Amino acid sequence: QEFSEQISMTQVTIENFDKIFPEICQKVDKCCFVAFDCEFTALRPDPELKNSLFDSIQDRYHKLSQPSVHSIISQMGLSMFEQNVEKNTFSASTYNFYICPRSFASVDETFVCQASSLEFLSRYNFDFGKFIHEGIPYLNQEKEEQLRNDLKNGVMLSVQERNIPMQDEDRIRKICGDLAVWINNSKVGDELCVDRG
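The text that follows walks through the structure, step by step, so that each part is easy to find. (Residues numbered from 1 in each chain as written. Predicted model: local features only at pLDDT ≥ 70, side-chain atom pairs only at ≥ 80, totals over all residues. Heavy atoms only, no water.)

## Points about the nonpolar core
A general feature of soluble globular proteins is that nonpolar side chains tend to end up buried together. As a reminder of what qualifies: In this description, a nonpolar core means a group of buried Ala, Val, Leu, Ile, Met, Phe, Trp, Tyr and Cys residues linked to one another through side-chain atoms lying within 4.5 Å. Buried means the residue's accessible area, taken with a 1.4 Å probe over protein chains only, is under 20% of the maximum for its type, while exposed means over 50%, and partly exposed covers the values in between. Residues count as neighbours in contact if any of their non-hydrogen atoms are within 4.5 Å of one another.
Among the nonpolar cores identified, the biggest contains 10 residues, and these are Val 12, Ile 20, Ile 24, Cys 31, Leu 78, Met 80, Tyr 95, Phe 97, Ile 99 and Ile 136. The contact partners of Ile 99, leaving out residues within four places of it in the chain, are Ile 73, Ser 74, Met 76, Phe 131, Gly 135, Ile 136 and Tyr 138. Grouped together as the second largest cluster of nonpolar side chains are 6 residues, Ile 72, Leu 121, Phe 126 and Phe 131 included.

Written out as structure tokens, the structure is:
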């Protein structure tokens, strides 16, 4: 099999994620196979969990899914390969996602950076500014549940957690309370206009 000359790469950030996501889903549905690669802010220092050429897929997954340090994925590359049967070629569409957690209400992610990982990223021209300023925010299931509970209990923000002027605190608390009531009573497709005053 041969790969065609046509290989496209798209940078995906918070600025264009919503626009590009449907295109990515379509390409995943049409492709023959996908490949992905992740860059981390730190790798495990535990020699017992060091990757080996002899690892099975299960061994490698276990090592990667049981981190000894709390690092995060800072960038993910995703390539979808489509086959042209008549020409006996493949074409690849590659998307490079910058990913960065955001603080919101009681969620404020803490993660580890390792000097050798940062040096590696820097050596290959990783854009740290894009990672921090334009990285796509995300929540894991635990943090999502935490926010849902905060919303349900009307505790989205507190003065101790955020540096918000006192005069705005009551207004924000009221908006969050109104939003919590609306979410509990709304149906799919309902809209709510929030007075941002």
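Having put the structure on the table, let's press on.
## Considering the pairing of strand E4 (residues 89-98)
Definition in use: Note on conventions: DSSP H or I runs of at least 4 residues are helices, E runs of at least 2 residues are strands, and numbering of each starts at the N terminus. Whether two strands pair comes down to DSSP finding at least two bridges between them.
Most of E4 sits out of view: 9 of its 10 residues are buried. Inspection of the sheet shows strand E3 (residues 73-84) paired to E4 by 10 bridges, in the antiparallel sense. By the bridge assignment for E4, Met 76 is matched with Phe 97. In this antiparallel pair of consecutive strands, E3 and E4, the connection spans 4 residues, and Asn 88 shows a positive phi of 60 degrees.

## Describing the pattern of salt bridges
The line we're drawing: Basic side-chain nitrogens of Lys or Arg form a salt bridge, by our definition, when they fall within 4 Å of a carboxyl oxygen of Asp or Glu.
According to the stated counting rule, one finds 2 salt bridges in the structure shown. Measuring nitrogen to oxygen at the nearest pair gives 3.2 Å for the salt bridge that ties Asp 55 to Arg 60. For Arg 60, a relative accessible area of 30% corresponds to the partly exposed category. Close ionic contact of Arg 148 with Glu 144 constitutes a salt bridge, the shortest N to O distance being 2.9 Å. One end of the pair, Arg 148, and the other, Glu 144, are both in helix H5 (residues 141-152), 4 residues apart, so they sit about a helical turn from each other. Judged by relative accessible area, which is 32%, Glu 144 ranks as partly exposed.

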